[in-house]
Amino acid sequence: MSFGEQPLANALIAPERSSEQQLTYELAPTICSACGLFQLLEQPTATSIFTRKYPFFTSTSKYMSNHFSHLARDLIQNDPTLKDGGFVIEIGSNDGTLLQSFAKAGINHLGFEPSESVANVAKKNGINTDISFFNSETASLIRQKYGPADIILGANVIGHIAEINDIGSGVASLLKDDGIFLIEAVYLGDMLLNTAFDQLYDEHVFTFSGTAVANAFHKHGLELINVERQSVHGGSMRYTLAPLGSHTCTAAVKNLLDEEKNRGLNNSATYIEFRQRCEAIRRDLPLLLSEISGMGHKIVGYGATAKSTTVLNYCGLGTNDIAWIQDSTKAKQGMLSPQTLVPIVPPEYFREVSPEYAVLFAWNHRDEIEMLEREWRKKGGKWILYIPKVTVA
Ligand code: TYD
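Counting restarts for each chain: residues are numbered from 1 in the order of the written sequence. For a predicted model such as this one, the threshold for reporting local features is a pLDDT of at least 70, and the threshold for listing and counting side-chain atom pairs is 80 or more; totals across whole chains, interfaces and linings nevertheless cover every residue. Only hydrogens and water are set aside; all other atoms, that is, all heavy atoms of the structure, feed into the side-chain values.

Draft legend 1. Region of interest: the layout of surface pockets. Space inside the second largest pocket adds up to approximately 630 Å³. Every definition here rests on a 1 Å grid over the protein atoms only: cavities are sets of points where a 1.4 Å probe fits but cannot get out, pockets are open sets enclosed by protein on both sides within 12 Å along at least five of seven lines, and lining residues have some atom within 4 Å of a point. Along the wall of the second largest pocket there are 22 residues; nearest its centre are A11, L12, I13, R17 and K53. Asp, Glu, Lys and Arg are counted as charged, while Ala, Val, Leu, Ile, Met, Phe, Trp, Tyr, Cys and Pro are counted as nonpolar; the rest, among them Gly, fall into the polar class. Counted by class, the lining of the second largest pocket contains 12 nonpolar, five polar and five charged residues. Grid points are joined across faces, edges and corners, and a volume is the space filled by probe spheres set on the points.

Draft legend 2. Quick peek at the domain arrangement of the protein chain. Note that the domain bounds were set by an automatic or database domain assignment. Once the domains are mapped, the protein chain shows domain 1 (34-265) and domain 2 (285-392). Each of domain 1 and domain 2 has a C-alpha centre, and the two are 30 Å apart. On the domain 2 side, the residues contacting the 17 residues of domain 1 number 16 residues. Buried area: the accessible surface (1.4 Å probe) lost by two parts on joining, summed over both. Broken down residue by residue, the surface that domain 1 buries against domain 2 is led by P55, F197 and D198, which jointly contribute 36%. Contacts: residue pairs with any heavy atoms within 4.5 Å of one another.

Draft legend 3. The site of the ligand, seen in detail. The near set for a molecule or strand comprises every residue that places at least one heavy atom within 4 Å of it. Around the ligand, a shell composed of 20 residues is seen, among which A306, K307, D327, K332 and H365 lie nearest. We call two N or O atoms a polar contact when they sit within 3.5 Å, provided that within protein one can donate a hydrogen and the other can accept it, with sequence-adjacent residues counted only if both atoms are side-chain atoms. Measuring from an oxygen atom of the ligand, one finds a side-chain N or O atom of K307 at 2.6 Å. Within the side chain of T329, a nitrogen or oxygen atom sits 3.4 Å from an oxygen atom of the ligand. When the ligand sits alone it has 550 Å² of accessible area, and the protein chains cover 95% of it. Counting only elements with at least two residues in the shell around the ligand, the list comes to α12 (306-314) and α14 (366-372). We count a stretch as a helix when DSSP gives it H or I for four or more residues in a row; a strand needs E for two or more, and each element gets its number in order from the N terminus. Here the shell around the ligand gets three residues from one element, more than from any other, and that element is α14. Considering only residue class, the shell around the ligand consists of seven nonpolar, nine polar and four charged. Accessible surface area values rest on a Shrake-Rupley calculation with a 1.4 Å probe, where residue burial reflects the displayed protein chains alone.

Draft legend 4. Local environment of the packing of aromatic side chains. Classification of ring pairs rests on two measures: the distance between centres of Phe, Tyr or Trp rings, Trp counted by its six-membered ring, which must be within 6.5 Å, and the angle between planes, read as stacked under 30 degrees, edge-to-face over 60 and tilted in between. Applying the stated criterion across every chain, the model contains 16 aromatic pairs. On the basis of an interplanar angle of 15° and a centroid distance of 6.2 Å, the ring pair of F206 and F208 is categorised as stacked. Categorising residues by exposure relies on relative accessible area from a 1.4 Å probe, with only protein chains included: less than 20% of the type maximum marks a residue as buried, more than 50% marks it as exposed, and the intermediate range marks it as partly exposed. F206 sits in the buried class, given a relative accessible area of 7%. Judged by centre distance (6.0 Å) and plane angle (50°), the rings of F361 and Y386 are tilted. One end of the pair, F361, is in the loop between β16 (357-360) and α14; the other, Y386, is in the loop between β17 (382-385) and β18 (391-392), with 25 residues separating them in the sequence.

Draft legend 5. Region of interest: the sheet that holds strand β7 (residues 129-130). We call two strands paired when DSSP finds no fewer than two bridges between them. Taken in spatial order, the seven strands make up an open sheet running β7-β6-β5-β8-β9-β12-β11, and their pairing is mixed. Since the sheet does not close on itself, it has two edges, and those belong to β7 and β11 (222-230), each with one partner. With eight bridges joining them, β11 and strand β12 (residues 236-243) adopt antiparallel strand pairing. Residue pairing across strands places L224 opposite L241, the latter belonging to β12. Between N-to-C directions, angles span 0 to 180 degrees; the directions come from axes that are lines fitted to C-alpha atoms, helices contributing only their stretch in contact. Lying over the sheet, helix α2 (residues 62-78) contacts β8 (149-155), β9 (175-186), β11 and β12, oriented at roughly 160° with respect to β9.

Draft legend 6. Local environment of helix α11 (residues 268-294). The end-to-end C-alpha separation of α11 is 40 Å, in line with the 39 Å expected for 27 residues at 1.5 Å each. Considered for burial, the residues of α11 that qualify are T270, Y271, F274, C278, I281, L285, L288, L289 and I292. A helix's residues, less one, multiplied by 1.5 Å, set its expected span.

Draft legend 7. Quick look at the side chain of T138. Relative to the helices and strands, T138 resides in helix α6 (residues 136-146). For T138, a relative accessible area of 16% corresponds to the buried category.

Draft legend 8. Spatial organisation of the nonpolar core. For the purposes of this section, nonpolar cores are sets of buried Ala, Val, Leu, Ile, Met, Phe, Trp, Tyr and Cys residues that join through side-chain atoms within 4.5 Å. Residues F181, F197, F208, F217, Y239 and Y386 are the most contacted members of the largest nonpolar core, which totals 99 residues. Looking at which domains feed residues into this core, each of domain 1 (34-265) and domain 2 (285-392) gives three or more. Sequence-distant contacts of F181, defined by excluding residues within four places in its chain, comprise I91, I152, I158, V171, L175, F217, L222, Y239, T240 and L241.

Draft legend 9. How the structure looks around the sheet that holds β16. Read across the open sheet, the six strands follow the order β15-β14-β13-β16-β17-β18; overall the sheet is mixed. In this open sheet, the two edge strands, each paired with only one partner strand, are β15 (344-345) and β18. Pairing geometry for β16 and β17, over three bridges, is parallel. By the bridge assignment, Y357 is partnered in β17 with K382. Helix-sheet contacts for α11 involve β13 (299-302), β16, β17 and β18, and the interaxial angle to β17 is about 155°.

Draft legend 10. Up close: the pattern of salt bridges. Should a side-chain nitrogen of Lys or Arg be within 4 Å of a carboxyl oxygen of Asp or Glu, the pair is scored as a salt bridge. A full pass over the atoms with the stated rule returns 12 salt bridges. R17 is the partner of E20 in a salt bridge, and the nearest nitrogen-oxygen pair spans 3.1 Å. We note a salt bridge from E370 to R366, for which the minimum N-O separation is 2.9 Å. Of this pair, E370 and R366 both sit in helix α14, four residues apart, which is roughly one turn of that helix. Given the relative accessible area of 28%, R366 is considered partly exposed. Three or more residues joined by partner-sharing salt bridges are found here, namely R366, E370 and R377.

This is the structure we're talking about:
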């Protein structure tokens, strides 16, 4: 299916450059009938996406920060080798939100992060960070220099890397014989169930299922040994992989693979239905917005997420429909949304203006945001939601 020509989701535009031509690509996902890997056909290059100015900071969500400190705590408690020092590597370590728990516990760690904007924050906070892409070449250099790793982590990043086979061989060569590779990612099954088409954008080259992860890494000698559902990012999965035969597989793996088969995750009919539900949202959201603004109400956006870029461009929305988008990330404020040029403003402005309606583009952080905006809600502020379907709440 195609979501049309799209700009890079996080390539925010400085106002003085708003008349310049922006890089676009066709957002066209498909699924491989052989291995079950859901993927984008056209993939902009990683260096055009993860630039010096990449504006997504993991630490902006308190909920995500807590989520990652719990993950680190569980790994430290369950892995005795870490207590004697150990070695933990994170691929795409962003601003060091996850690695900081290992650093605090005195565990040897190293993050790979190609975007200087976020990597420099991690470095400033004392997190060992290599400002580069992780691949089989850098993996071999690290092994030579520091030895093999006990744990390799990739949270919301492995599906961002088109060269998945190179990642597989890099991880396999860098991991200890009894080490583990842990991936966390938006789960294909939940994306389909929620019609969360806005999870699709240039960075999400792959949206994983258990079946696809098991197939993709098996050829590199890595076995899927456990899966755990996570509520973050609107429905994610934590996949644990390990060198073949080094660990016992939990029943959860077989259960998930069976469930995916029964749900038809590999059948074209499933995706045809998904496409029809996306098209219904594309029809209903602009209609609702014009109805509400026709009644004289102000509509803004909440969260200049990467997801919002897909929604705005797919649904043909712009500054006529959404006055501005509030976002708590300093690096996003004062910038314009890619292609649609909707201005991004700070939270203080949102609270001052107190608009009647806000399209919740950061719907995956709703609990956290409801707490933050309870005053606005008490005054009658309403959310416009589009996932799983268009409603007002
Ligand atoms: P997120 O949904 O995590 O990711 P993506 O960009 O991958 O779609 O992005 C959340 C955005 O929402 C981020 O720019 C910060 C912003 N945000 C707020 O403005 N207020 C908040 O309370 C929270 C939690 C996030």
